[in-house]
Amino acid sequence: MTESYLLLDIGGTFIKFGAASLDGELLHGISGSVPVDSLGSAREVTGAFAEAVRSGTEALGKNDRTLAGIGICIPGPFDYGKGIPLMKHKFLSIYGMSLKDFFRSLPQTGPDMPVGFIHDVNAALLGEISRGNAAGYPDSALVTLGTGLGFAFSRAGRIMVNEKGSPLCPIYSIPYRDGILEDYVSKRGFLKAYREISGKPADPSLTVADIGAMAAEGDPAAMETFSSVGEILASALKPKLWENRIGCLLLGGQISRSFRFMERALKAGLSGVSCLKTVMPAKNIGEAAFYGIV
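The paragraphs below set out a description of the structure included in this document.

Definitions and cut-offs
- Residues numbered from 1 in each chain as written.
- Predicted model: local features only at pLDDT ≥ 70, side-chain atom pairs only at ≥ 80, totals over all residues.
- Heavy atoms only, no water.
- Pairing = 2+ DSSP bridges.
- Helix = DSSP H or I, 4+ residues; strand = E, 2+ residues; numbered from the N terminus.
- Axes fitted to C-alpha atoms, helices over the stretch in contact; angles between N-to-C directions.
- Contact = heavy atoms within 4.5 Å.
- Right-handed = clockwise from strand over helix to strand, strands pointing away.
- Salt bridge = Lys/Arg side-chain N within 4 Å of Asp/Glu carboxyl O.

Quick look at the sheet that holds strand β7 (residues 115–119) now. Sheet strands line up and pair through hydrogen bonds in the backbone, either parallel or antiparallel. Judged by pairing direction, the sheet is mixed, and its 5 strands sit side by side in the order β3-β2-β1-β4-β7 without closing on themselves. Here the strands that pair on one side only, and so sit at the sheet edges, are β3 (32–35) and β7. Taken pair by pair, the neighbouring strands of this sheet meet at an average axis angle of 25°, ignoring direction.

Turning our eyes to something else, we now look at the sheet that holds strand β9 (residues 149–155). The sheet built from 5 strands is open, its strands ordered β10-β9-β8-β13-β14 with mixed pairing. Every interior strand has two partners, whereas the edge strands, β10 (158–159) and β14 (278–281), have only one. Helix α3 (residues 120–131) rests against β8 (140–145), β9, β10 and β13 (248–252) of the sheet, and its axis sits at about 50° to β9.

Judged from the 4 bridges that link them, β13 and β14 form a sheet pairing that is parallel. The residue bridging Leu251 from the neighbouring strand is Pro281, located in β14. For the crossover from β13 across helix α7 (residues 263–269) to β14, the handedness is right-handed.

Another point: the pattern of salt bridges. Applying the stated rule across the entire model yields 9 salt bridges. Between Glu51 and Arg54 there is a salt bridge, with its nearest N and O atoms 2.8 Å apart. Here the residue Glu51 and the residue Arg54 both occupy positions in helix α1 (residues 42–62), the gap between them amounting to 3 residues, near one helical turn. Salt bridges here are not isolated pairs; linked through shared partners, they connect Glu51, Arg54, Glu58 and Lys62.

So, about unusual backbone geometry. In this chain, Gly76 is followed by Pro77 through a cis amide linkage whose omega measures 5°. Checked against the element boundaries, Pro77 lands in the loop between β4 (65–74) and β5 (78–79). Positive phi, normally seen in glycine, also occurs at Asp64, with a value near 60°.

Structure follows, in structure tokens:
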């Protein structure tokens with residue numbers, strides 16, 4: 001039996017699990033997901049965590065591997081050194097709980113099991129620095145576009161974090177118009193922009209992927225939606241990129257799969273940032289965080 005790490009990417013609706021060798025290579029074929037309700041009770045949430053560990057270690061066992069440690073990426077606010085969630089917008093039911101102690105209490109682990117935590121956006125940028133499109137750029141940044149809006153950056157190859165391990169300069173809460181930037185550059189921002197541009201009533205079944213598919217077919221409203229959001233994002237990022245002398249800007253998260261539709265507007269809005277050498281999607285949109293955990 002070969003020792004391996006179990007990797008958990010904890011989101012608001014699913015926990016993805018994967019595995020890596022002790023030298024940091026992802027083990028393809030050992031992966032899966034477990035549903036989790038971030039608004040559920042403590043019992044429901046921790047039950048999902050336990051199921052992810054159970055499923056992950058079972059998958060390791062089927063591949064003649066044993067558990068050597070657990071690496072976890074999870075959004076914040078969170079005390080990553082102590083393993084304590086401090087979120088109030090989701091996972092409120094486990095606020096202040098020691099997740100390090102919880103994971104070490106499971107049947108598959110034990111009190112001495114190595115358990116580490118990292119912010120999900122920091123992990124994704126680390127993964128892109130080590131195995132992706134930020135390789136070779138000492139000062140790089142990653143924006144993640146999804147249900148929320150994430151931002152992390154590096155200086156001399158080192159991810160810049162605050163005292164609890166979260167990204168040093170979050171951008172989601174920057175005041176913008178009648179709200180915050182995340183209201184305009186995230187899933188809800190794209191859907192809002194499309195409604196306003198198309199003049200169509202709200203459709204609860206509509207997704208950003210749908211808007212991307214329409215843009216691919218040449219739909220003018222869909223294409224303008226991506227351009228509009230790209231312009232907003234560029235205006236917010238410009239001072240951050242200047243201040244930190246960012247040379248490489250990457251976009252991650254599921255929405256970045258439609259990067260080509262906002263590329264022109266985003267690059268035009270950032271054209272005066274002379275330190276910026278490249279703007280592109282992350283190389284490993286689905287796996288960057290796993291690479292960063294290890």
